[in-house]
Amino acid sequence: METQVTHTSHIAVLGGGSFGTVIANMVAEKGLPVRLWMRDAERVEQINRERCNTRYVPDYPLAASLEATADLSYALKGAEVVFLSIPSHAFRSVLRQAVIDLTPEQMLISTTKGIETESFSLMSEIIADEVPGARIGVLSGPNLAKEIARRQLTATVIASQDEALRSRIQQLLHSPYFRVYASTDTYGVELGGTLKNIYAIAAGMSAALGMGENTRSMLMTRALAEMSRFAVSMGANPMTFLGLAGVGDLIVTCMSPLSRNYRVGYALGQGKTLDEAVSVLGEVAEGVNTLHQVRDKASEMNIYMPLVMGLYEVVFTGAPVTEVARSMMVNVQSSDVEFVLPRDACAVSGAGPSSSQ
Ligand SMILES: NC(=O)C1=CN([C@@H]2O[C@H](COP(=O)(O)OP(=O)(O)OC[C@H]3O[C@@H](n4cnc5c(N)ncnc54)[C@H](O)[C@@H]3O)[C@@H](O)[C@H]2O)C=CC1
Ligand SMILES: O=C(CO)COP(=O)(O)O
């Protein structure tokens, strides 16, 4: 049964790409007023006229209570919840334009799976910087927009320290095809969704090169080990990666040609240059920048991440993938499951054990 939701005001979604559109429409399908903000006034006009975002999610009729707008103040003023589906490279600048119209009781939910260049900030950290005292949540999980648009069953995680926020977002998004689990580990949930994009590029590349399913399985499993090692070094709780926002999202993104990061990897595996692979996509593939940022951070902090290091060489320096793969296969063979949760890791602020509902 669909969750009944009450409302006193509208919901705002910033970002008129594929995920922003799907989030906005899932809420609007419940009859709630939703304002979907995007920069492009022509697209706004087209969406409101045709009731479809033909550029990003064709064949996906939009509910009557969804209104596209190019007026940021109109979208934000009086909104109860603001979802931010803006690519990481533009996230801070959009938030800076938005801040004047935000009020402390509004809930700000990032759906963006990326890292800011230079600062190494995740999006929730950017919100905390730009909107001090904001009520912050992060939404992440195996959520390919195009599958959600077909109402194929899936689930996500809403992570926040704010219990009322978690339950409000569960209420707003829950539907017969979409379940919403809760977590208190904002950083872990956000980090999982961000890191998995790197390995999706590698998975796409290995598929294009005709590598087998054993290879893909090894890649995903070692990716999880590497992500967890990175999380521990960053003071996060790696156990969160065992959930939907970690292994769940890693699996779908490494398996599906619907993933833009997978597609970038596939194109690279076919011999395209990085510029060609990205431009043919025409949508954001966060993993390219994330790979760069994580490689730099891992080098700086001396974190052992052979997949990241190898993929960086292939993607950014043009090293031949078969040679890189071969050299990785002769690396020192360490333990399979190498870490146990450090006893004091749970005490790290913001890295407490996640709680599912
Ligand atoms: N598409 C998907 O399946 C999912 C995407 N995400 C995440 O959501 C975020 C957004 O992704 P998508 O909507 O899929 O991307 P997209 O590439 O489909 O659309 C991005 C949108 O952001 C807009 N944009 C770019 N720069 C802007 C700026 N400076 N100001 C205002 N708008 C700007 C673009 O015009 C476009 O409408 C990404 O971080 C992605 O990782 C998360 C879950 C699923
Ligand atoms: O995060 C996603 C699915 O959960 C979408 O992945 P892509 O950005 O690679 O399409």
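- An unreviewed UniProt entry annotates the protein chain as Glycerol-3-phosphate dehydrogenase [NAD(P)+] originating from Nitrincola lacisaponensis.
- Here the protein chain is described in UniProt, under the heading Pathway (unreviewed entry), as follows: "Membrane lipid metabolism; glycerophospholipid metabolism."

1. Section: the site of ligand 1
Step number 1: Ligand 1 sits among 26 residues. The nearest are Gly 17, Phe 19, Ala 90, Ala 145 and Glu 283.
Step number 2: Those elements that place two or more of their residues in the shell around ligand 1 are helix H1 (18–28) and helix H4 (88–98).
Step number 3: A total of four residues in the shell around ligand 1 trace back to one element, the largest contributor, which is H4.
Step number 4: When grouped by side-chain class, the residues that make up the shell around ligand 1 number 10 nonpolar, 12 polar and four charged.
Step number 5: When residues of the shell around ligand 1 are assigned to domains, at least three map to each of domain 1 (10–184) and domain 2 (190–330).

2. Brief notes about the domain arrangement of the protein chain
Step number 1: Each assigned domain of the protein chain is listed here: domain 1 (10–184) and domain 2 (190–330).
Step number 2: The straight-line distance from the C-alpha centre of domain 1 to that of domain 2 is 25 Å.
Step number 3: Across the boundary between the two partners, domain 1 contributes 25 residues, which contact 24 residues of domain 2.
Step number 4: Secondary-structure elements contributing two or more residues to the side of domain 1 that touches domain 2 are H4, helix H5 (123–130), strand E6 (135–140), helix H6 (145–149), strand E7 (154–159) and strand E8 (178–183).
Step number 5: Among the elements that line the side of domain 1 that touches domain 2, the one with the most residues is E7, at three residues.
Step number 6: Partitioning the side of domain 1 that touches domain 2 into residue classes produces 11 nonpolar, 11 polar and three charged.

The rules behind these values
Residues numbered from 1 in each chain as written. Chains lettered and ligands numbered in written order. Predicted model: local features only at pLDDT ≥ 70, side-chain atom pairs only at ≥ 80, totals over all residues. UniProt positions renumbered as here; feature names shortened; annotations may be inferred. Near = placed C-beta within 6 Å. Helix = DSSP H or I, 4+ residues; strand = E, 2+ residues; numbered from the N terminus. Nonpolar A, V, L, I, M, F, W, Y, C, P; charged D, E, K, R; others polar. Domains from an automatic or database assignment. Contact = placed C-beta atoms within 7 Å.

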